[in-house]
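The chain contents come next:
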Amino acid sequence: MWDLIIVGAGPAGSTAALSALRSDPRASVLLLDAAAFPRDKVCGDGVAPHALDVLRELGIDLELLVAGTRPITRLRMRSPGGVVASRAFARPAHVVPRELFDDRLVRAAVAAGAVLQRRRVRTIQQTPRGVLVDGDLQGRTVIGADGCESVVRRESAARAAPPGTLAIAVRGYAPAHPWPANEQLLAMTRIRWPAYAWAFPIGNGMANVGYGELLQGPPPTREHLARRLHELLPRAEPGPLRGHRLPLSTGRPDVGHGRLLLVGDAASLINPLTGEGIYYAVLSGALAGRAAALAPDPACSYRHWLRNALGSHLRQTDLIARLGRWPILLDIGAVAARERQPIFDKLIDLGLGDGKIGPAIVPAFLKSGLRLTTTLR
Ligand SMILES: Cc1cc2nc3c(=O)[nH]c(=O)nc-3n(C[C@H](O)[C@H](O)[C@H](O)COP(=O)(O)OP(=O)(O)OC[C@H]3O[C@@H](n4cnc5c(N)ncnc54)[C@H](O)[C@@H]3O)c2cc1C
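Along each chain, residues carry numbers from 1 onward, in the same order as the chain's sequence is written. Per-residue local features of the predicted model are confined to residues with pLDDT of at least 70, and side-chain atom pairs are confined, for both listing and counting, to 80 or more; whole-chain, interface and lining totals are unaffected and use all residues. Values shown for side chains rest on all heavy atoms present in the structure; no hydrogens or waters enter the calculation.

Asks: What is the right way to read the site of the ligand from this model?
Replies: Any residue with a heavy atom positioned within 4 Å of a molecule or strand is treated as near that molecule or strand. In the vicinity of the ligand lie 35 residues, with D33, G44, G46, R98 and D265 positioned nearest. Think of a polar contact as two N or O atoms within 3.5 Å of one another; within protein, one of them needs to be a possible hydrogen donor and the other a possible acceptor, and neighboring residues in sequence only count if both atoms come from side chains. Measuring from a nitrogen atom of the ligand, one finds a backbone N or O atom of A34 at 3.0 Å. A distance of 2.9 Å is found between an oxygen atom of the ligand and a backbone nitrogen or oxygen belonging to I278. Where accessible areas are quoted, they stem from the Shrake-Rupley method and a 1.4 Å probe; at the residue level, only the protein chains shown are allowed to cover. For the ligand, whose free accessible area comes to 1,000 Å², the fraction covered by protein is 93%. Per the convention used, a helix needs a DSSP run of H or I reaching at least four residues, while a strand needs a run of E reaching at least two, with both numbered from the N terminus. Those elements that place two or more of their residues in the shell around the ligand are α1 (11-23), β12 (195-201), β14 (242-247) and α7 (278-294).

Here's what the structure looks like:
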């Protein structure tokens, strides 16, 4: 009988293990993953400072976590209508290839006392004593951190992602020389909106480049995604492209029942405005690990803590994602961000962290909207 079994050792799973062991150092924690580490994961590799805050709290050595990369201090954003806003981040971001980032995190979890085993989990069953994994492993609590195609989510009968709440993206690695070394680029497009391409320099001479769009109707072909990447970033010369789906937080399932909890992508926790999921993964992992270690009813406490941490932020991003179906709103946002640093900072916190925008932003948006329509005329 393990105190906690975690299925999936990506950022959400490793952080859940670290958090459980920090809350109760004597807990027995089993971390299962289908892959052997280090392993690649299709991602933009952008790590927001908000994610590093969560990991710092858990005692992670941040210098080691981001070693070999350079801080990214600026963002250049081109809105769907072509408005460019380029500004300094309030706090630097990092671009850490997931092959390194996830390996470093899982090593930290093992160093803290978690037992890592390679296994592709196939079945989950709640029993009066806890949760049975694959019919032969018994855990008092199980955390599903097994990503977008989560088996734990399917087996726990949580509802599947509703239509319009999944995105798809491809990414590859390209020489970084066409772009400034300290700047992330987002190039949005009206075609198949919402959709954008990105170039995220790592600091080792290479950049992570990619293109993604919301899944609406039949899934696009790989050729289509590669072509759109080339059209939006014509100077990018990426190696092989790999694709993956993104379960957006607009399609959130219930995040837990009894002694079975879902975190990260398994809980559809990806920001619908940016596709950012590492911050939500480590935050939800940290909360679920703590609930598993300390709470008499882990799912109830976890749901409550997650709601306190992210509830109103998720409601806002949900609403803004709906309104943002009109690309002109993104053009107005870009004008506002270009003109005022505080607006830019608020939009960054909303897209990368747990930020909220208060009513104070409305007058700035109205002014920018007016200015944009005057320019267009
Ligand atoms: C193209 C693309 C670009 C992105 N760019 C960014 C970005 O720049 N910044 C950002 O913050 N987010 C980005 N995201 C989102 C981010 O990748 C995810 O939100 C994040 O990886 C979620 O972490 P996780 O731990 O929940 O899941 P994952 O990282 O997917 O980890 C899941 C783990 O579970 C394991 N697993 C799966 N099934 C099983 C099973 N049955 N049994 C055992 N183990 C299993 C897998 O091997 C894997 O190790 C991007 C996503 C995509 C697709």
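Asks: How should the nonpolar core be read in this particular structure?
Replies: Where a protein is soluble and globular, its nonpolar side chains tend to be buried together. The term nonpolar core refers to a set of buried residues drawn from Ala, Val, Leu, Ile, Met, Phe, Trp, Tyr and Cys, joined through side-chain atoms within 4.5 Å. Exposure categories follow from relative accessible area, calculated using a 1.4 Å probe and restricted to protein chains: below 20% of the type maximum is buried, above 50% is exposed, and the middle band is partly exposed. Counting residues in hydrophobic clusters, the biggest one holds 68 residues, and the most contacted among them are I6, V29, I143 and Y302. The dominant element in this core, judged by the number of residues it contributes, is α7, at eleven residues. Residue contacts are defined here by distance: any two heavy atoms, one from each residue, within 4.5 Å place the two residues in contact. For I6, the contacting residues outside a window of four places in its chain are G13, A16, A17, V29, L30, L31, L32, I143 and A145. One finds M77, F89, A93 and L214 within the second-largest nonpolar core, a separate group that totals 30 residues.

Asks: Help me understand the state of the cysteines in this model?
Replies: Note that a disulfide, as used here, is simply two cysteine sulfur atoms within 2.5 Å. Tallied over the full model, the rule gives zero disulfides. Residue C148 stays outside any disulfide, its sulfur separated by 12 Å from that of C43, the closest cysteine. Taking relative accessible area as the criterion, C148 reaches 13% and is therefore assigned buried.

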